Amino acid sequence: MPGENLLAVRAGEGDEEAFELLVRTHGPVMLQLATRLLGSRTEAEDAVQDAFVSAWRKLPEFRGDAEFKTWIYRIVTNRCLNQLRARRPATDLDSVPEPAAPEHESSPARAAESHAAVRALAVAMAGLSPEQRACWVLRELHGMSYENIAETVGISLVAVRGRVFRARRYLTEAMSAWR
């Protein structure tokens, strides 16, 4: 979004309309990211709301050294990683949304198979460390470059590549029955 950093600076000076525009622009993508990381829409909504409140408070310090988009990705990702680390190992599989099948492909057998595959992926994703999960989701589902992931998560480029590689290998093995 052109002028995004200018909007962030204006919001940091107290311009609520500028901040509202930033929230409307980035809110849906941040909610999607948080839902993918946390596996729960409710937790994701809370995490994104907390992240934007935190961003609003920290905006006076924003000087545009990084893009606003990268900055808000970092805040949301860190909020989600903290929640994942604080969780008990158990994952609520019913909280993972199942994609709707197109009507022409709907059948009880296909629906059961699809539901089982989604559950298997949820179990496999729960087996990743929070850091691997974050790197994998940012790379594979949000299409971020390794460099942007490193900046967003606050780790080295080598660490990002390693985490994505290990996550891919683990998910490939865990989902081998579904190929």
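Details of the structure are given in the entry above.
No experiment lies behind these values; they were computed from the predicted model shown.

## Here we look at the packing of aromatic side chains
And step 1. All chains considered together, the criterion is met by 3 aromatic pairs.
And step 2. An angle of 55 degrees between the planes, with centres 4.8 Å apart, marks the rings of Phe 19 and Trp 56 as tilted. Here Phe 19, found in helix 2 (residues 16-38), pairs with Trp 56, found in helix 3 (residues 41-58); they are 37 residues apart in sequence, far enough to count as distant.
And step 3. The exposure class assigned to Phe 19 is buried, which follows from its relative accessible area of 12%.
And step 4. Since its relative accessible area comes to 31%, Trp 56 is described here as partly exposed.
And step 5. Pairwise contacts between aromatic rings join Phe 19, Phe 52 and Trp 56 into one cluster.
And step 6. For Arg 139, the ring lying beneath its charged end belongs to Tyr 146, and the centroid distance is 4.3 Å.
And step 7. The side chain of Arg 161 reaches across the aromatic face of Tyr 146, ending 4.3 Å from its centre.

## Details of the nonpolar core
And step 1. Ranked by size, the top nonpolar core spans 47 residues in total, and within it Leu 59, Phe 68, Ile 72 and Val 76 carry the most contacts.
And step 2. Elements represented by at least two residues in this core include exactly helix 1 (4-12), helix 2, helix 3, helix 4 (68-86), helix 5 (108-126), helix 6 (130-141), helix 7 (146-153) and helix 8 (157-174).
And step 3. Once residues within four sequence positions are removed from consideration, Val 76 is found in contact with Met 30, Leu 33, Ala 34, Val 48 and Ala 51.

## Re the pattern of salt bridges
And step 1. For the structure on display, the rule yields 5 salt bridges.
And step 2. Between Arg 24 and Glu 20 there is a salt bridge whose closest N-O contact spans 3.2 Å. One end of the pair, Arg 24, and the other, Glu 20, are both in helix 2, 4 residues apart, so they sit about a helical turn from each other.
And step 3. Taking the shortest distance from any N to any O, the salt bridge between Glu 45 and Arg 41 comes out at 3.1 Å.

About the criteria used
- Residues numbered from 1 in each chain as written.
- Predicted model: local features only at pLDDT ≥ 70, side-chain atom pairs only at ≥ 80, totals over all residues.
- Heavy atoms only, no water.
- Phe/Tyr/Trp six-rings, centres within 6.5 Å; stacked < 30°, edge-to-face > 60°.
- Helix = DSSP H or I, 4+ residues; strand = E, 2+ residues; numbered from the N terminus.
- Buried < 20%, exposed > 50% of the residue type's maximum accessible area, 1.4 Å probe, protein only.
- Lys NZ or Arg CZ within 6 Å of the ring centre and 35° of its normal.
- Core = buried A, V, L, I, M, F, W, Y, C linked by side-chain atoms within 4.5 Å.
- Contact = heavy atoms within 4.5 Å.
- Salt bridge = Lys/Arg side-chain N within 4 Å of Asp/Glu carboxyl O.

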